[in-house]
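# Structural description and commentary
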Amino acid sequence: KIPAMAACSSSRSCALAPPGSRSVPYLSLKRRCPVPRAAPPLVAAPPQNFSPEQLAFLERKAAQKAPTNQTTHGQTSAHPSDPRAVPTPPAHWLIHAPPSYFAWDQLDYKGKRKNVDVGDPEDYSRPLAKGLASGTTSCGSWACTEGGWDSPTKRPTTEWFFVMSGAGAVTDPDGTRHDFGPGDVVVLPKGWYGRWDVTHKIHKVWVIHDHDEIPGFGSPTPVVAPLSSFAAQFLEPSVGKTPNRLSKDVFDNGRMSCGYWSCEPGHFAVPPRATTEVFHVLSGMFFLTNADGSARRCTAGDTVVLPAGWSGHWDIIETVQKVWVDIDV
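Residues numbered from 1 in each chain as written. Predicted model: local features only at pLDDT ≥ 70, side-chain atom pairs only at ≥ 80, totals over all residues. Heavy atoms only, no water.

### Let's talk about the side chain of His209
Tracing the backbone through its elements, the reader meets His209 in strand S12 (residues 194–209). Side-chain polar atoms of His209 contact the side chain of Thr137, separated by 3.1 Å. Excluding anything up to four places from it in sequence, His209 contacts Thr136, Thr137, Thr157, Thr158, Arg255, Met256, Ile327 and Val329. (Helix = DSSP H or I, 4+ residues; strand = E, 2+ residues; numbered from the N terminus. Polar contact = N/O pair within 3.5 Å; in protein donor to acceptor, adjacent residues only side chain to side chain. Contact = heavy atoms within 4.5 Å.)

### Notes on the confidence of the model for the protein chain
Looking at the protein chain as a whole, the pLDDT averages 82, with 72% of positions reaching at least 70. Per-residue pLDDT stays below 50 along residues 1–48; that stretch engages in 36 contacts with residues further than four places along the chain or on separate chains. (pLDDT = per-residue confidence, 0-100.)

### Quick word on the pattern of salt bridges
Under the counting rule described, the total for this entry stands at 14 salt bridges. For Lys322, the salt bridge identified is with Glu277, shortest N-O distance 2.7 Å. Residue Lys322 is found in strand S21 (residues 312–327), and its partner Glu277 is found in strand S18 (residues 276–290); the two are separated by 45 residues along the sequence. The class of Lys322 is buried, set by a relative accessible area of 4%. Here the residues in one salt-bridge network are Asp117, Asp150, Arg195 and Asp197, joined through shared partners. (Salt bridge = Lys/Arg side-chain N within 4 Å of Asp/Glu carboxyl O. Buried < 20%, exposed > 50% of the residue type's maximum accessible area, 1.4 Å probe, protein only.)

### Examining the packing of aromatic side chains
In total, this model carries 14 aromatic pairs according to the counting rule given. A centroid spacing of 5.7 Å and a plane angle of 70° characterise the contact between Phe180 and Trp196, whose relative ring orientation is edge-to-face. With Phe180 in strand S10 (residues 177–180) and Trp196 in strand S12, this pair connects stretches of sequence that are 16 residues apart. By the burial criterion, Phe180 is buried, and Trp196 matches it. Members of the aromatic cluster, connected to one another through ring pairs, are Trp142, Trp149, Phe161, Phe180 and Trp196. When the ring centre of Tyr101 is taken as reference, the NZ or CZ atom of Arg126 above it lies at 3.7 Å. (Phe/Tyr/Trp six-rings, centres within 6.5 Å; stacked < 30°, edge-to-face > 60°. Lys NZ or Arg CZ within 6 Å of the ring centre and 35° of its normal.)

See the structure below:
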């Protein structure tokens, strides 16, 4: 007869989230008591206050077996051998970057800008993904301190960016000024040139698409969609879709389009994508599940890439708002 084992009363340890990550602490629970023999794993029942969307997600996860040899950055918690490397996920898997990935102390210092006539601006950046959309698209983050400079060379690409913090302006050759600040979406079309001014230290998420000339597109005038333009009265409902969704288109040149999208709690499947989408989460909480069953929790401040060919499932727990850019090659 084996005597009963006494439970350890001091076997729990708590660790706070590492610097630069979300402020929500997490617990690391470890039992240090000796166990006489292997015991079957315990499966805790889900809390009774789970929403139907959360339960549906957990049921799907329980029915699927995700592979254990995943080696991606962002889509899972695994990191590459070089944590500074640009992630190279398996084909058709989502790429996910939490706010800590683009934190100022994680950006690479690029030096002082050239051709400056105002201030002494310095550049910082970090890529997230390259070679998207058949090698035509890349995305990442850029930051710059205050200053101004001329940009006389016509852009060879179209750029979309979302201003996370700070403020600035671009000015056309004819003197038309386009100001932008936190929460604004900006598009600099291929062929634009003019002037940049950073009035308050700026930090943005960007997507650059290299495409051919687009006949009949018109003049390459910058587009600025302020955060206020995404208020409810300016949005259009998606007819015949559940859960309820609202959206607004901002720009479309036939190769790149962008806009705003929101969706109420619920869940829906996504067939293989024909286009590549990059989006930045403004608010809400949801899970994205790949076709193989691996999933990622996404919240405000996250940047996500859904490459062409991606298929999977959305489980929205809290109403989601996002700004997005879509690349069609």
